[in-house]
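# Notes for the structure review
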Amino acid sequence: MSPRSFLPVATALLLAIFIAATLIIQPLLRGARADFTEASLYTLSDGTVSALQNLQEPVDLTFVYTRRVGQEYPAVRAYATRVRELLQAYRAEAGANLRVREIDPLPFSEAEDEAVAAGIVAVDTNGEDPLYFGIIGRNTIDDQRVIPFLAPEQEETLEYDLTRLIARLDRPEPPTVGILSTLQGMQGDGQGAGYSFLQEAAKSFNITQIDEDFYALPEDMDVLLMVHPPDLDDWQTWLIDQFLLRKGRAIILVDPAAKTAPGSEFGGLRERQIRSDLGRFGDVWGVHLSEEAVADTESALPIQAPVGEGRTNVVRHPLYLAAPPAMMSRDSLITAELSRTVNFGAPGALEIDEASPFDVEVLIHTGEAPSWIPAEEAVKDLSVQDTLALYEPVEGEKPLAVRLHGALVSAFPDGAPPPAVPDDPVLAELVRASAQTAQPHIASSERDAEILILSDADMVDDGLYVDLESATAFADNGALLMNALDVMSGDANLLSLRARASSRRPMSRVEAMRDEAQARFFGEQAQLENRLAEAQARLQELQQIGSTDGFFEGDLEATLTDEERSELAELRTDIVETRSRLRSIERDFRREIDALEGWLKFINIFGGAILIGLIGLFVWWRRRKVGPS
Amino acid sequence: MKDTMTGLRASYIRELRAYFATPLAYVFIAIFLMLLGFFTWEASRFFDTGVADLQPFFYWHPWLFMIFLPALSMRLWSDESAAGTTELLMSLPITITGLAIGKLLAAWTVALLALALTTPMWMTVNYLGAPDNSAILLTYLMSALMAGAYLAIGAAISSLLSSQVLSYVIGVVVAFVFTAAGWPMVLGAISGALGAGVGDLAAQFSFLTHFETAERGVLEVRSVLFFIGFVALCLALNVIWVSQRRGAMR
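Residues numbered from 1 in each chain as written. Chains lettered and ligands numbered in written order. Predicted model: local features only at pLDDT ≥ 70, side-chain atom pairs only at ≥ 80, totals over all residues. Heavy atoms only, no water.

Let us look at the side chain of B:Ser143. Mapped onto the elements of the fold, B:Ser143 is located in helix 10 (residues 133–158). Using a relative accessible area of 0% as the deciding quantity, one classes B:Ser143 as buried. (Helix = DSSP H or I, 4+ residues; strand = E, 2+ residues; numbered from the N terminus. Buried < 20%, exposed > 50% of the residue type's maximum accessible area, 1.4 Å probe, protein only.)

The next subject is the environment of A:Glu128. Inspection of the secondary structure assignment puts A:Glu128 in the loop between strand 4 (122–123) and strand 5 (131–139). Linking A:Glu128 and A:Val69, residues 59 residues apart in sequence, is a C-alpha distance of 8.3 Å.

The interface is formed by 58 residues belonging to chain A together with 68 residues belonging to chain B. On the surface where chain A and chain B come into contact, there are two salt bridges. Among the salt bridges present, the one from B:Arg45 reaches A:Glu597, with a minimum N-O distance of 3.8 Å. The interface formed by chain A and chain B holds eight residue pairs in polar contact (both at pLDDT 80 or more) in total. When residues of the side of chain A that touches chain B are traced back to their parent elements, those giving at least two are helix 1 (3–28), strand 1 (33–35), helix 3 (67–70), helix 4 (74–94), helix 17 (508–549) and helix 18 (562–626) of chain A. With 17 residues, helix 18 of chain A is the largest single contributor of residues to the side of chain A that touches chain B. Its residues placed into classes, the side of chain A that touches chain B shows 31 nonpolar, nine polar and 18 charged. Direction of pairing for strand 1 of chain A relative to strand 1 (residues 218–220) of chain B: antiparallel, over a ladder of three bridges. (Contact = heavy atoms within 4.5 Å. Salt bridge = Lys/Arg side-chain N within 4 Å of Asp/Glu carboxyl O. Polar contact = N/O pair within 3.5 Å; in protein donor to acceptor, adjacent residues only side chain to side chain. Nonpolar A, V, L, I, M, F, W, Y, C, P; charged D, E, K, R; others polar. Pairing = 2+ DSSP bridges.)

Take the packing of helix 9 (residues 119–128) of chain B against helix 10 of chain B next. All names here are of chain B. It is the contact of helix 9 with helix 10, at a shortest axis distance of 12 Å, that shows an interaxial angle of 165°. With respect to helix 10, the element helix 9 is oriented roughly antiparallel. Our pair here, helix 9 against helix 10, has a crossing hand that is right-handed. Of helix 10, the residues touching helix 9 (which contributes Trp122, Val125 and Asn126) are Asn133, Ile136 and Tyr140. (Axes fitted to C-alpha atoms, helices over the stretch in contact; angles between N-to-C directions. Parallel < 35°, antiparallel > 145°, perpendicular 65-115°, else oblique. Left-handed = near helix turned anticlockwise from the far one by under 90°.)

The tally for this structure, following the rule as stated, stands at four cavities of 30 Å³ or more. As a volume, the largest cavity reaches approximately 90 Å³. Together, A:Asn604, A:Gly608, B:Leu33, B:Leu36, B:Gly37, B:Thr40, B:Phe57, B:Leu117, B:Thr118, B:Pro120 and B:Met121 line the largest cavity. Of all the elements in the fold, those that place two or more residues in the lining of the largest cavity are helix 18 of chain A together with helix 2 (24–43) and helix 9 of chain B. Ranked by residues supplied to the lining of the largest cavity, first place goes to helix 2 of chain B with four residues. Among the residues making up the lining of the largest cavity, the classes are represented as six nonpolar, five polar and no charged. (1 Å grid on protein atoms, 1.4 Å probe; cavity = no way out; pocket = protein on both sides within 12 Å on 5 of 7 lines; lining within 4 Å. Points joined across faces, edges and corners; volume = space filled by probe spheres on them.)

Time to look at helix 2 of chain B. Residues and elements named next belong to chain B. Taking 1.5 Å of rise per residue, the 20 residues of helix 2 would be expected to cover 28 Å, and the 27 Å separating its terminal C-alpha atoms lies within 8% of that figure. Taken together, the buried positions of helix 2 are occupied by Ala25, Tyr26, Phe28, Ile29, Ala30, Phe32, Leu33, Leu36, Gly37, Thr40 and Trp41. Just downstream of helix 2, Arg45 is the residue with a positive phi angle, here 50°. (Expected span 1.5 Å × (residues − 1).)

As a further point, take the pairing of strand 10 (residues 249–253) of chain A. Residues and elements named next belong to chain A. Of all five residues that make up strand 10, five are buried, and the element is covered over most of its length. A two-sided burial pattern is seen for strand 10, the buried positions comprising Arg249, Ile251 and Leu253 on one face and Ala250 and Ile252 on the other. Looking at chain direction, strand 9 (residues 223–227) and strand 10 are connected through four bridges and run parallel. When the bridges of strand 10 are listed, Leu225 appears paired with Ile251. As a crossover connection, the stretch from strand 9 through helix 8 (residues 234–246) into strand 10 is right-handed. Alignment of strand 10 against strand 20 (residues 449–454), held across five bridges, turns out to be parallel. Its bridge partner being in strand 20, Arg249 is matched across the sheet by Glu450. (Right-handed = clockwise from strand over helix to strand, strands pointing away.)

Attention now goes to the packing of helix 10 of chain B against helix 14 (residues 207–215) of chain B. Residues and elements named next belong to chain B. In the contact formed by helix 10 and helix 14, the axes pass within 8 Å of each other and the chain directions differ by 165°. As far as their axial angle goes, helix 14 and helix 10 are roughly antiparallel. Note that helix 10 runs across helix 14; the crossing there is right-handed. Residues Ala135, Leu138, Thr139, Met142, Ser143, Met146, Ala149, Tyr150 and Ile153 of helix 10 touch helix 14, and the partners they reach there are Phe207, His210, Phe211, Ala214 and Glu215.

Residue and element names in this part refer to chain A. Applying the stated rule across the entire model yields 35 aromatic pairs over all chains. Taking 5.2 Å as the distance between ring centres and 50° as the angle between the ring planes, the aromatic pair formed by Tyr65 and Phe133 counts as tilted. Separated by 68 residues along the polypeptide, Tyr65 in strand 2 (residues 59–65) and Phe133 in strand 5 bring together distant segments of the chain. Looking at Tyr65, the relative accessible area reads 3%, which means it is buried. (Phe/Tyr/Trp six-rings, centres within 6.5 Å; stacked < 30°, edge-to-face > 60°.)

Attention shifts here to the layout of surface pockets. All names here are of chain A. Approximately 1,400 Å³ is the volume attributed to the second largest pocket. Arg164, Glu200, Ala479, Met482 and Asn483 are the residues nearest the centre of the second largest pocket, which is lined by 37 residues in total. At the level of elements, strand 6 (144–147), helix 6 (158–170), helix 7 (196–204), strand 22 (472–473) and helix 15 (477–489) are the ones that each hand at least two residues to the lining of the second largest pocket. At six residues, helix 7 tops the list of elements feeding residues into the lining of the second largest pocket. Here the residues of the lining of the second largest pocket are counted per class, giving 18 nonpolar, nine polar and 10 charged.

Taken as a whole, this structure holds 24 salt bridges over all chains when the rule is applied. One salt bridge in this structure joins A:Lys601 and A:Glu597, with 3.9 Å as the shortest N-O distance. With A:Lys601 and A:Glu597 both in helix 18 and four residues apart, the pair spans about one turn of that helix. When its relative accessible area of 19% is taken as the criterion, A:Lys601 is described as buried. You can call A:Glu597 buried: its relative accessible area is 9%. Via salt bridges that share partners, A:Glu597, A:Lys601, B:Glu42, B:Arg45 and B:Asp48 belong to a single interconnected network.

See below:
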């Protein structure tokens, strides 16, 4: 070989070796990785491993991904790699019982038909070909479950979602949810009628209604869901008590002021029941429902309210709470993935005894200065102004949703009470018969109980979270309850997946500063906001007098008395001043945080450069001192 | 028998001295640090993310390396040919392999010093919250390895050309190819023209792809091997190109 041709040939040879080695080695080492994240976010959890190893029947997973479109979105491309590799890890763990394939649904292909038929969402990408990015799961009896769209921001729950999908396919008979409720919307089997939540639940669970006058509970019930339950007699309470000791899974929505309770105060078929509570269980569990309802200015829900003359305006109503994710627990799977608010209508507050025998976890709480509102007032249609008039801030966040976990003891230490025997002889016979066949009394839990308690029953009502025109949810009430049902009905495998720590790490120092500033300013801010609302209400009142009476004179204030006129002027200056004070509070609020940001920015942009400059000077000085050698 | 280790040590010390004898290294490091800080805090709005995570900081590493590191390595061999010292070097009883490794390590040391001086950023994030420090350490190590790959490109190219400026420009172009291969804009174009399979193949050769897993806190053996393999490739090219020149000179 001549020296002249040696160079290009050797170069080409080296490049070829490198390219070939990369192409061979890269796929081979796909699984060879070490997880450096603290929470081992990229390692299969024990729950998943055990669910996969115990698969009874083969499960087929189809990963649907439009590669060409996905590659244009960095987040989607990275996430697709992650999903693909997670599926491979699943297959490695499950062996022959899990089959994984990937389809690329190009426009007008068979793959696209398959994806669309299965319910994979076609995501619009600015007029280009749609992006399909989801998972279809099927089992041997052709049950099908899908994840319609794999949103990259939900990476945290990817493993949970996948494992749940597989677990559902592996156990085609869905869990049974028993519903005990006095609300109209919670009646029926959820097939085309009732609240959206009931219909959604019916898609994933067997729904069994429990009669208000029940004397036995459904035998195969896995989860008990009570929404504004009726007053229970001792026998019924005991039945529930025993269910909780044996199965231990319940979701309970109680309410001191149920706006959606059926009936009316006047001449209805029966007296309207506006309050439901935990009854005898409250003392045993150490959790009580407040007598009064709570209002909260911090999380007040914006609603359309009439402002006179047939006009409406958006105002924030403190009696309707819209708890944002910041007021929810980020540790519990039930609330961790919620991104929108959970809305409440005149909820109560839960009071937790110090001595509660349970692990009590607060899932949702109010803002820091809520107010008690008497239940008999709260249940009416109070206006914003009336609510603010009753508003007396109390210190501290109040729990709206709590989760209890742990071993229970019976609320009936003396054993089963006698059943209340009705007068009707046929019914009486039935009651006696079911009392005979009831399972023997047990005094403590057979398995640890998981109980979710919410202090509002109205939150299941579509009016609070579903846009009636488009039938889409604008708040996460339904998602919260579905999560809770999933967690409650899932086997232990799914429950353990909950422990995955969030990979989000907040700047805690900044948050602490913000909280401190809030503590300093919130009281004053709430006060000012109240004053502003009052002044505006009074202003409106005065203007209304003017506009109705003085309209034709052309002078809106003509019919006002001198006193009223000077009041009007005062109100206006007051409003302007209050507003500017509020603005300055908001500025002060951020001042320290902004200062911190400024300092850190300076240090990080110029600090390193200054340091290297100093090192340079030092080296130069040393060299000069030593002298040229 | 020429001694590889001796050549390595001698050229390492010689090159390192050369870097710090002139203001070049200082100015280079200072500008690099300021730009990195500026991009992290102003372009990525690190503080406004509210998250104690260095992702907005590491995001810029490949791009800044692409611009800055060829400047560090452009003079490694071009200097010698310009000053006519190549022949002198070749006559010494040391191997070209030792020389090449020594030169690369010297440039790498300067890059590592620059990386070490970003410690304020790490302290800041620990001051603000509780970041995942083991994941951050991994990302730093991967970034250091990646810096080596960028320097190796520049070193190899400087051995082909006697002009520093030319070797800088071509070094940046080659570095850009290996960075942008994983860039969505480029990948989309490749996939559109040649099919999604080719796009995925191209992504396997991108520094971005291999750095990205480390940014998430996952150590991928194949990514480490890729960077090591890439440095080895560039060194091998470097050595044969230099020996070829020597052969041609004789």
